[in-house]
Amino acid sequence: MNIIVPLRQVPDLVEELEIESGGKDLDREWLKFKVNEFDDHALEEALCFKEDHGGQVIAIALDANDADKALYAAAAKGADRVIKITGNFEGQVASRTAAKAMANVIAQLEWNMVFAGVQAVDERDGQVGVLLAHFLGVPHVSVVTGVSNNGGTLEIHKEYGGGIIAEFEVAPPVVLGIQAARQTPRYVPVAKVRRAMRSTDLEEMDAGDVSVNVGSQVTRMYKPEAGGRAEMLEGSAEEVAAKLAEIIRSKV
Amino acid sequence: MNVYVITEHLNGSISDHTFELLGKAKQLAGGDSVTALLAGHGAEGLASQLGAASKVLYADHPNLENFNPQSYCKAYSQMLKDRMPGLVLVPYSSMGMDLASGLSVSLDVPVLAYAQDVNAGGGKITVVSQLYGGKINVESEVDGDSCIAAVLAGVFSADEGKADGSPEVEQVSVDGLDDLQVKFKRLIEPEGGDVDITQAEVLVSVGRGIQSDENLSIAEELAAKLGGAVSASRPIVDNKWLPKTRQVGKSGLKVKPKVYIALGISGAPEHIEGMKDSELIIAINTDPNAPIFDYANYGVTEDLFDVVPALTEKL
Ligand SMILES: Cc1cc2nc3c(=O)[nH]c(=O)nc-3n(C[C@H](O)[C@H](O)[C@H](O)COP(=O)(O)OP(=O)(O)OC[C@H]3O[C@@H](n4cnc5c(N)ncnc54)[C@H](O)[C@@H]3O)c2cc1C
């Protein structure tokens, strides 16, 4: 079975986020991007599935925010094909637009499943994976923590709150929103990514017609007000520890 | 504004998340109607808990007995298609994640996710979304007069949405549910046997800032000193450093200890939803902008590896 894995670059939350002066987007000048953590899990699960059952893993990404880096890293990890979707992807791309671009490209490929990260921190207008499924006209299951193959049908675990799991039997084609892969996503050393950059054919495909109706506009972006903010304890680790000990002891 | 709420139920009980949305819906509707949408099989009895709604639309089919992303999307889409314009509130939960964006495409109505507030004053719908792991709020204005809002858990009061009395129930017939690619098989309950973190008075909760499983011992020592237990954010459990029974949050457990000490946890909305009702919250995180500090009573921006051993020592 061929598995498509859409990779999305999202701002690295370790860095401080600033808002541009217009107040409607992040200040993108110094933003550092990284692959959405759930997409990393989706890629890992796809690679594990391929190792067990064969088929191809095809990673795709919109041509934005260092997509080449993400695609070469996917190739270094074992993706068979890596495809950059070209088009006009300036600034924050709406989920619906991203999903449409991916659907246009996926429709031209031979595939059985899409493993998408269940969500991303910038999905203002909905989850890309679910939107994508609807554009492709196939069902989806989100919050997936287990995928196994039963002679062509899939046994899928979807997680609810409190650790309860629902098991579904699914006949592909399908889009799965992967929450966690069966193992910690593999790490590739930089040297291996560099080698992949020399040896990998990074394909390009045009996004085609991505006109969709997002149906809403950003009117304001702001950092949450510091209303209920914590009282910050200052001082050396020792001093802070002493204050904390007192606070905790007054409670228990 | 006519407001619709998707009723989430599991094992015969309606989620608090649903009641939170019903309460908000009443406020948003003003003089207009609040309609609860219910899908199930032999589940119309649940309508008696939906007294906050003026009406319940109910779809019944054997393939709606348990939540199924495919059958539920089809059913809700048919229930809503002739009822727009309107505002549809969907819980941003595991089930709701499979519905909100899909309904948006099938109904051709905009969707806004991670919603922590929804307003409909003057006929204009605006939604505030919590993006970037809770670090940035984004306010959006909807172009038309319909919207699907996927609302975070725990932002509105569930009590406001709980009311006795059976609203009028209208059966809606839905089709296309016999032949499905997605089939529900069974529910798997989590294994018990481990420490019950919902019962602990003190929780020392570790996040990705703990860096490796060897470092868990510093949290265990602190917890032992306080007679508490160690809990964790999701990545720690995904790495299998601690069992699932220790996970706090959306897909883990909801906890309300007397003291919750968050070590190296950023405070993503999915984590906050599980611990924000703790009596006293202390957060230790080197990032002064970490959203966890918006929920904590006391915060420390020192390295946890310096503070925690010193704290254990002092207690
Ligand atoms: C459907 C769904 C359900 C989910 N359910 C849950 C859930 O139940 N529970 C849950 O927790 N998450 C859940 N998540 C995941 C959630 O989105 C976040 O990814 C997760 O909570 C982040 O965990 P974290 O705070 O430990 O890691 P990070 O966000 O990576 O934060 C690590 C923090 O540690 C700090 N740090 C680093 N080093 C140090 C140091 N030396 N000293 C002090 N601080 C340090 C950093 O500043 C950072 O803020 C869910 C996600 C989805 C999509």
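Conventions and cut-offs
- Residues numbered from 1 in each chain as written.
- Chains lettered and ligands numbered in written order.
- Predicted model: local features only at pLDDT ≥ 70, side-chain atom pairs only at ≥ 80, totals over all residues.
- Heavy atoms only, no water.
- Phe/Tyr/Trp six-rings, centres within 6.5 Å; stacked < 30°, edge-to-face > 60°.
- Helix = DSSP H or I, 4+ residues; strand = E, 2+ residues; numbered from the N terminus.
- Lys NZ or Arg CZ within 6 Å of the ring centre and 35° of its normal.
- Near = heavy atom within 4 Å.
- Polar contact = N/O pair within 3.5 Å; in protein donor to acceptor, adjacent residues only side chain to side chain.
- Areas by Shrake-Rupley, 256 points an atom, 1.4 Å probe, with all protein chains shown as cover.
- Nonpolar A, V, L, I, M, F, W, Y, C, P; charged D, E, K, R; others polar.
- Pairing = 2+ DSSP bridges.
- Axes fitted to C-alpha atoms, helices over the stretch in contact; angles between N-to-C directions.
- Contact = heavy atoms within 4.5 Å.
- Parallel < 35°, antiparallel > 145°, perpendicular 65-115°, else oblique.
- Left-handed = near helix turned anticlockwise from the far one by under 90°.
- Domains from an automatic or database assignment.
- Buried area = accessible area lost by both parts, 1.4 Å probe.
- Salt bridge = Lys/Arg side-chain N within 4 Å of Asp/Glu carboxyl O.
- Buried < 20%, exposed > 50% of the residue type's maximum accessible area, 1.4 Å probe, protein only.

## What to know about the packing of aromatic side chains
For the structure on display, the rule yields five aromatic pairs over all chains. Aromatic pair B:Tyr72 and B:Tyr76: ring centres 5.8 Å apart, planes at 70°, arrangement edge-to-face. Taken together, the residues B:Tyr72 and B:Tyr76, both in helix α2 (residues 69–80) and four residues apart, mark about one turn of the helix. Members of the aromatic cluster, joined through ring pairs, are B:Phe67, B:Tyr72 and B:Tyr76. Its guanidinium or amino end placed over the ring of A:Phe135, A:Lys100 lies 5.9 Å from that ring's centre, counting from NZ or CZ. The residue whose ring lies beneath A:Arg220 is A:Tyr222, and the NZ or CZ to ring-centre distance is 4.0 Å.

## Observations regarding the site of the ligand
Close to the ligand lie 31 residues; B:Ser233, B:Gln247, B:Val248, B:Ser266 and B:Asn285 are nearest. Neighbouring residues of the ligand are not confined to one chain but are distributed across chains A and B. Taking B:Lys250, its main chain carries an N or O atom lying 3.0 Å from an oxygen atom of the ligand. In the environment of the ligand, a nitrogen atom lies 2.8 Å from a nitrogen or oxygen atom belonging to the side chain of B:Ser251. Contact with the protein chains removes 87% of the 990 Å² of surface that the ligand exposes when unbound. Put simply, the parts of the chain that give the shell around the ligand at least two residues each are α1 (37–53) of chain A together with α6 (234–238), α7 (269–275) and α8 (304–314) of chain B. Grouping the constituent residues of the shell around the ligand by class yields 10 nonpolar, 14 polar and seven charged.

## Quick look at the sheet that holds strand β5 (residues 55–60) of chain B
Read across the open sheet, the 10 strands follow the order β12(A)-β9(B)-β8(B)-β7(B)-β10(B)-β6(B)-β1(B)-β4(B)-β5(B)-β11(B); overall the sheet is mixed. A single partner strand is all that each edge strand has here, and the edge strands are β12 (216–222) of chain A together with β11 (168–171) of chain B. Between one strand axis and the next, the sheet turns through 35° on average, direction left out of account. Where strand β7 (residues 111–119) of chain B lies against strand β8 (residues 126–131) of chain B, four bridges are found, and the strand directions are antiparallel. When the sheet's bridge partners are listed, B:Ala115 is paired in β8(B) with B:Ser129. Packing of helix α4 (residues 100–107) of chain B onto the sheet brings it into contact with β1 (3–6), β6 (87–91), β7 and β10 (147–151) of chain B, and relative to β10(B) it is tilted by some 175°.

## Description of the packing of helix α3 (residues 95–106) of chain A against helix α4 (residues 128–136) of chain A
All names here are of chain A. Interhelical geometry of α3 versus α4 gives an angle of 45° and a closest axis separation of 8 Å. On the basis of the axis angle, α3 is oblique to α4. The handedness of the crossing between α3 and α4 comes out as right-handed. In this structure, α3 uses Ser 95, Arg 96, Ala 98, Ala 99, Lys 100, Met 102, Ala 103 and Ile 106 to contact α4, whose residues at the interface are Val 128, Leu 131, Leu 132, Phe 135 and Leu 136. Split into classes, the residues belonging to the contact of α3 with α4 amount to 10 nonpolar, one polar and two charged.

## Observations regarding the domain arrangement of chain B
All names here are of chain B. Parsing chain B into structural domains produces domain 1 (3–171) and domain 2 (197–314). Each of domain 1 and domain 2 has a C-alpha centre, and the two are 32 Å apart. Contacts between domain 1 and domain 2 engage 11 residues on the former and 12 residues on the latter. Between domain 1 and domain 2, roughly 760 Å² of surface is buried when both sides are summed, and carbon and sulfur atoms account for 53% of that area. When the area that domain 1 buries against domain 2 is broken down by residue, the three leading residues are Gly 133, Lys 135 and Ala 153, summing to 47%. Seen at the junction of domain 1 and domain 2, the total is one salt bridge. Ionic pairing is found between Lys 135 and Asp 287, a salt bridge with its closest N-O pair at 2.9 Å. Tallied by class, residues from the side of domain 1 that touches domain 2 come to four nonpolar, six polar and one charged.

## Things to note about helix α2 (residues 67–77) of chain A
All names here are of chain A. Most of α2 sits out of view: nine of its 11 residues are buried. Taken together, the buried positions of α2 are occupied by Ala 67, Ala 70, Leu 71, Tyr 72, Ala 73, Ala 74, Ala 75, Ala 76 and Lys 77. Positive backbone phi, approximately 130°, marks Gly 78, located one or two places after α2.

## Here's the deal with the environment of A:Pro139
Looking at the element boundaries, A:Pro139 is found in the loop between α4 and β7 (140–150). Judged by its relative accessible area of 6%, A:Pro139 is buried. Counting along the chain gives 35 residues from A:Pro139 to A:Val174, while the straight-line C-alpha distance between them is 5.3 Å. Residues within four places of A:Pro139 in sequence aside, it is in contact with A:Ala133, A:Pro173, A:Val174, A:Val175, B:Gln70, B:Gln181 and B:Val182.

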